[in-house]
Amino acid sequence: MTRVTTIVRTAASAALIVMATLGSSAPAGAADTGERLAAPAVQIYGDKSAQFVPLGVSKSIVIDLPGDIKDVLVADPKIANAVVRTSRRAYIIGVAVGQTNVYFFDAEGKQLMAFDIAVTRDLNGIRAALKRSLPEVEIHVEGLADGIMLSGSVASQSESQRAFDLAARLAGDGSRVVNGISVRGRDQVMLKVTVAEVQREVIKQLGIDLSGTVNSGNSVVNLTNVNPFPVLGSALNSNGISASYRGVTATLRAMERAGVIRTLAEPNLTAISGESANFLAGGEFPIPAGFTCDPTTRNCQTQIQFKKFGVGLNFTPVVLAEGRISLKVLTEVSELSNDNALTLTQAISATQNTTLTIPSIKTRRAETTVAIPSGGSLAMAGMIQEQTKQQLNGLPGLMNIPVLGALFKSRDFINRQTELVVMVTPYIVRSVAQKDLSKPDDGYADASDASTSLLGRFNRLYGTPGQDNPREKSYRGNVGFFLD
């Protein structure tokens, strides 16, 4: 076996040699007769005729060639190396991560075989681990430079995520793993969220405002006592029961208020397994974000930003094995409130000011990750809160006098109770025919002018043939809501 050396040839130098040879051998009369001599064809070998071979670092493959090897061309020996053992067998060894190509030629200079070598990190360990972890799934692992590409198809998003997590852990750097696994028949999940809240509030105020003037000779004593009611911030009512005696007026302010607030929000949203979905039913209100002033005219304009409020839902479902659903849920119910509102005063001229009141946002928000079966419900969040505030204000000393001390003091009492619960119910759903769906305006039609003016109706009433009129049914038992 003769020694085979590695020869690097370029297409440019080969073309120059061929052209010089053809130019020296051309007959002298060819130019005079106008006849062209046909030049012999030049064979150029490239990547189109090469076979792609993935190879791991420090791994080798055995190549059996159809003819005897005379020359071997390796583009970059630092990436891969070719070792010839016999006249028709060679070994290609991966040296470092990268790409190169290898060509084999016979004694006449004809190309026997060509290979496009892509040397990547060794992926056999990752392939074996994926096979043991997911034996029923066919996942292909390929190397791209120093990265890893996962391909194939799985039955659920959880299997795809499991394969990606395992490959990222074995690779040591998850950012170099590309998840190209497709999910067959991805499930669609509908999430029904119920946010229910009841707030009870009791406010009691009792106080006597004294005002008057007492004269004694040349001495005049002015008496003024207005109860501030600092817990609530102001009196429930400016009116009261007044009585006067010898220039002294006493106004009794005794007020009590009880209220109940009920909030119910049920947003529903559908998304594909593994994808995120957002829902917002509400609005936006403007708030000042700063001022922009013109240095020439010295006129300033207020910059406005908008803040969202309402019923919002954001969730990402992942269908797990055995019909269980993993949910990453963020639900929020917000509303405008006058509590903790901000009042700004801005001068628009030397003698005129403008007042701007910015409301606050009262928010109930819950964010968590849960796993429940399809159709099962779970109380995702809940809160019971009770707040009691009470304050007595009066004149020192006089307010402590039994019975008569009530004339010189006031009582301000507030009790707030809040009960909140957030429940989630996921369903694995599928598409249906349009006729099987109903809309809120089904069966609605505007009433005629005569019916609206004379009978006070806003819409016509329709009934299904063969069914009883629900208005004619008699209900037995207690109907309605009971409030303690």
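What you see as residue numbers is a count from 1 along each chain, following the sequence as written. In view of the model being predicted, local features appear only for residues whose pLDDT reaches at least 70, and side-chain atom pairs are presented and counted only at 80 or more, with totals across whole chains, interfaces and linings using the full set of residues. The side-chain values count all of the structure's non-hydrogen atoms but skip hydrogen atoms and water molecules.

Digging into the overall build of the protein chain
Right, on to step 1. The helix and strand tally for the protein chain stands at five helices and 21 strands.
Right, on to step 2. Only protein chains enter the calculation, and the probe is 1.4 Å; a residue is then buried if its accessible area is under 20% of its type maximum, exposed if over 50%, and partly exposed in between. Evaluated residue by residue, the protein chain yields a buried proportion of 28% over its 484 residues.
Right, on to step 3. Taking the contacts inside the protein chain whose residues are at least 6 apart along the sequence as the reference set, 64% of them involve residues at least 24 apart. For the purposes of this entry, the term helix denotes a DSSP run of H or I that reaches at least four residues, the term strand denotes a run of E that reaches at least two, and both are numbered from the N terminus. For this analysis, residues touch if any pair of their heavy atoms sits within 4.5 Å.

Focus on the confidence of the model for the protein chain
Right, on to step 1. Scored from 0 to 100, pLDDT records how confident the predictor is in each individual residue. Per-residue pLDDT for the protein chain averages 78, and the proportion of residues at 70 or more is 83%.
Right, on to step 2. Long-range and interchain partners of residues 1–39, a stretch whose pLDDT sits below 50, account for 23 contacts in this model, where long-range means more than four residues apart.

Quick look at the pairing of strand 7 (residues 111–120)
Right, on to step 1. Taking burial as the measure, the ten residues of strand 7 include nine buried ones, the bulk of the element.
Right, on to step 2. The sheet contact formed by strand 1 (residues 51–56) and strand 7 spans six bridges and is parallel. Bridging across to strand 7, Val-53 finds its partner in Ile-117.
Right, on to step 3. Inspection of the sheet shows strand 6 (residues 98–105) paired to strand 7 by eight bridges, in the antiparallel sense. Directly across from Gln-99, in strand 7, lies its bridge partner Ala-118.
Right, on to step 4. Taken together, strand 6 and the strand that follows it, strand 7, pair antiparallel across an intervening segment of five residues, in which Gly-109 is found at a positive phi of about 85 degrees. Whether two strands pair comes down to DSSP finding at least two bridges between them.

What to know about the sheet that holds strand 7
Right, on to step 1. As summarised here, the arrangement of the four strands in space is 1-7-6-3, forming an open sheet in which the pairing is mixed. Whereas interior strands pair on both sides, the edge strands pair on one side only; in this sheet they are strand 1 and strand 3 (71–74). Neighbouring strand axes in the sheet, compared pairwise and without regard to direction, differ in orientation by 25 degrees on average. Each axis is a line fitted through C-alpha atoms, taken for helices only over the stretch in contact, and angles between the N-to-C directions span 0 to 180 degrees.

Describing the pattern of salt bridges
Right, on to step 1. By definition here, a salt bridge exists when the distance from a side-chain nitrogen of Lys or Arg to a carboxyl oxygen of Asp or Glu is within 4 Å. In this structure the tally under the stated criterion is eight salt bridges.
Right, on to step 2. Among the salt bridges present, the one from Glu-108 reaches Lys-110, with a minimum N-O distance of 4.0 Å.
Right, on to step 3. Here Glu-108 falls in the exposed class, since its relative accessible area comes to 65%.
Right, on to step 4. Where Glu-335 meets Arg-364, a salt bridge forms, and the shortest distance between an N and an O atom there is 3.5 Å. With Glu-335 in strand 18 (residues 324–347) and Arg-364 in strand 19 (residues 353–373), the pair connects residues that are 29 residues apart, well separated along the chain.
Right, on to step 5. You can call Glu-335 partly exposed: its relative accessible area is 32%.
Right, on to step 6. The network of salt bridges with shared partners includes Glu-197, Glu-335 and Arg-364.

Considerations on the packing of aromatic side chains
Right, on to step 1. Aromatic pairs are defined between Phe, Tyr and Trp rings, using the six-membered ring for Trp, whenever the two ring centres lie within 6.5 Å; interplanar angles under 30 degrees are classed as stacked, those over 60 as edge-to-face, and all others as tilted. Within the structure shown, the criterion is met by three aromatic pairs.
Right, on to step 2. For the pair Phe-104 and Phe-115, a centre-to-centre distance of 6.2 Å together with 80 degrees between the ring planes defines the contact as edge-to-face. Residue Phe-104 is found in strand 6, and its partner Phe-115 is found in strand 7; the two are separated by eleven residues along the sequence. In this structure, Phe-104 and Phe-115 share a single accessibility class: buried.

Focus on the nonpolar core
Right, on to step 1. Core analysis: the largest hydrophobic core is formed by 23 residues, its most contacted members being Leu-191, Val-193, Val-195, Phe-315, Leu-327, Val-329 and Val-424.
Right, on to step 2. The set of elements that each furnish at least two residues to this core consists of strand 11 (188–216), strand 15 (268–272), strand 17 (300–319), strand 18, strand 19 and strand 21 (409–429).
Right, on to step 3. When neighbours within four sequence positions are excluded, Val-195 is seen to be in contact with Thr-263, Leu-264, Ala-265, Thr-331, Val-333, Leu-420, Val-421 and Val-422.
Right, on to step 4. Ranked by size, the runner-up nonpolar core spans 19 residues in total, among them Val-53, Ile-92, Phe-104 and Phe-115. The definition of a nonpolar core used throughout is a set of buried Ala, Val, Leu, Ile, Met, Phe, Trp, Tyr and Cys residues joined through side-chain atoms within 4.5 Å.

Let's talk about the side chain of Thr-331
Right, on to step 1. Within the secondary structure, Thr-331 sits in strand 18.
Right, on to step 2. The contact partners of Thr-331, leaving out residues within four places of it in the chain, are Val-193, Val-195, Gly-312, Leu-313, Arg-364, Arg-365, Ala-366, Met-380 and Val-422.

What about the pairing of strand 17?
Right, on to step 1. Relative to strand 17, strand 16 (residues 277–293) is paired through 16 bridges, and the arrangement is antiparallel. Residue pairing for strand 17: Gly-290 is matched across the bridge by Gln-303.
Right, on to step 2. Remark: six residues form the turn of the hairpin made by strand 16 and strand 17, two consecutive strands paired antiparallel; Arg-298 in that turn has positive phi of roughly 60 degrees.

Brief notes about a nonpolar patch on the surface
Right, on to step 1. Surface patches are drawn from residues lacking salt bridges whose relative accessible area is over 30%; two like charges belong together within 9 Å, two nonpolar side chains (Val, Leu, Ile, Met, Phe, Trp, Tyr) within 5 Å. Each accessible area is a Shrake-Rupley estimate made with a 1.4 Å probe; only the visible protein chains count as cover when residues are assessed. A cluster of nonpolar residues, Leu-395, Leu-398, Ile-401, Val-403, Leu-404 and Leu-407, forms a patch on the protein surface that exposes about 510 Å² of accessible area.
Right, on to step 2. You can see Leu-395 is positioned in the loop between strand 20 (378–394) and strand 21.

Points about unusual backbone geometry
Right, on to step 1. In the Ramachandran plot, Ser-58 falls in the positive-phi region, its phi being about 65 degrees despite a non-glycine side chain.
Right, on to step 2. Here Ser-58 is to be found in the loop between strand 1 and strand 2 (60–64).
Right, on to step 3. Residue class for Ser-58 comes out exposed when judged on its relative accessible area of 62%.

What to know about helix 4 (residues 157–171)
Right, on to step 1. Its 15 residues give helix 4 an end-to-end C-alpha distance of 21 Å, which sits within 8% of 21 Å, the value for a rise of 1.5 Å per residue.
Right, on to step 2. For helix 4, the complete set of buried residues consists of Gln-157, Ser-158, Ser-160, Ala-163, Phe-164, Ala-167, Ala-168 and Ala-171.
Right, on to step 3. The inward-facing, buried residues of helix 4 contact helix 3 (124–133), strand 8 (139–144), strand 9 (147–154), strand 10 (177–183) and strand 17. A helix is expected to span 1.5 Å for every residue after the first.

Overview of the packing of helix 3 against helix 4
Right, on to step 1. Running from N to C, helix 3 and helix 4 point in directions that differ by 145 degrees, and their axes come no closer than 10 Å. Along this stretch, helix 3 crosses helix 4, giving a crossing that reads as right-handed. Here Gly-125, Ile-126, Ala-129, Leu-130 and Ser-133 of helix 3 lie close against helix 4, whose contacting residues are Arg-162, Ala-163, Leu-166, Ala-167 and Leu-170.
Right, on to step 2. Amino acid classes used here: Ala, Val, Leu, Ile, Met, Phe, Trp, Tyr, Cys and Pro are nonpolar; Asp, Glu, Lys and Arg are charged; the rest, including Gly, are polar. Looking at the contact of helix 3 with helix 4, its residues break down into seven nonpolar, two polar and one charged. By convention the crossing between two helices is left-handed if the near helix lies anticlockwise of the far one by an angle smaller than a right angle, and right-handed if it lies clockwise.

Focus: the sheet that holds strand 10
Right, on to step 1. Across the sheet, which stays open at both edges, the three strands sit in the order 8-9-10 with mixed pairing between neighbours. The strands lining the two open edges of the sheet, one partner per strand, are strand 8 and strand 10. Averaged over all pairs of adjacent strands, the angle between strand axes in this sheet comes to 15 degrees, irrespective of strand direction.
Right, on to step 2. Bridge count for strand 9 against strand 10 is seven bridges, and the pairing is parallel. Looking at the pairing, Ser-153 lines up with Ser-182 of strand 10.
Right, on to step 3. Each of strand 8, strand 9 and strand 10 touches helix 4; the most contacted strand, strand 10, lies at about 160 degrees to it.

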